[in-house]
Amino acid sequence: MHRNLMLGAALAFVGLTASAQADEKGALPRPKATKDGNYVHVVLFTVKKEAPKNAVESAIVDCHKMLAKIASVRSVKVGRPAAEDSVNFVKKDYDFALVILVEDPAGLKAYVDDPLHVAFVKKHGKHFDFTKLQVFDFANQKK
């Protein structure tokens, strides 16, 4: 009985702490990922020649600003090709790359269907050359 009382008190404390951390809209902060995000979504973007000069920078900013807020996303990495190559056969025939880590295929589907992702595509998609778009999804394999 003492153990159940302690467990109940601990759960009440966690609930009170979470309530105290809610933002002004009452939403609780997204819990820290407990897994590594072993499902990887990679996109290589090329913008159209007639795209505005700031199209790439604007999309990169919005990847962090919009896509990182999606609940199933564990990590966002985005940027232009590296200035210095690690080896001489590194491809640079794209304008920027995006790497999204999620837990599993369900997390990827949640990411793709999320209103923030849909809004990102609506806002920036008109500048992308979809004939050159490359998308790779894979599961991180461990022994």
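Please refer to the structure higher up on the page.
All values derive from a computational prediction rather than experimental measurement.

Cut-offs used in this document
Residues numbered from 1 in each chain as written. Predicted model: local features only at pLDDT ≥ 70, side-chain atom pairs only at ≥ 80, totals over all residues. Heavy atoms only, no water. Helix = DSSP H or I, 4+ residues; strand = E, 2+ residues; numbered from the N terminus. Buried < 20%, exposed > 50% of the residue type's maximum accessible area, 1.4 Å probe, protein only. Contact = heavy atoms within 4.5 Å. Areas by Shrake-Rupley, 256 points an atom, 1.4 Å probe, with all protein chains shown as cover. Pairing = 2+ DSSP bridges. Axes fitted to C-alpha atoms, helices over the stretch in contact; angles between N-to-C directions. Arc of directions from axis to C-beta.

A. Summary view of the overall build of the protein. Tallying secondary structure elements over the protein gives four helices and four strands in all. Taken from N to C terminus, the helices and strands of the protein fall in the order α-β-α-β-β-α-α-β. Looking at the protein residue by residue over its 143 residues, the buried ones come to 30%. Restricting the contact set of the protein to residue pairs at least 6 apart, pairs at least 24 apart contribute 77%. For the protein, the computed accessible surface area is about 10,300 Å², with 60% contributed by carbon and sulfur atoms.

B. Layout of the sheet that holds strand S4 (residues 134-139). Ordered in space as S2-S3-S1-S4, the four strands form an open sheet in which the pairing is antiparallel. Every interior strand has two partners, whereas the edge strands, strand S2 (75-79) and S4, have only one. On average, adjacent strands in this sheet sit at an angle of 10° to one another, irrespective of strand direction. Where strand S1 (residues 39-45) lies against strand S3 (residues 96-102), seven bridges are found, and the strand directions are antiparallel. Bridge pairing links Val42 to Val99 in S3. Of the strands in this sheet, S2 and S3 touch helix H2 (residues 55-65), which is tilted by about 170° from S2.

C. Representation of helix H3 (residues 105-113). Every buried residue belonging to H3 is among Gly107, Leu108 and Tyr111, and all of these are buried. Looking straight down H3, one finds its buried side chains confined to an arc of 100°; they lie on one side. Seen from the open side of H3, the exposed residues pointing more than 90 degrees away from its buried face are Ala106 and Lys109. Where H3 is buried, its residues contact S1, S3, helix H4 (115-124) and S4.

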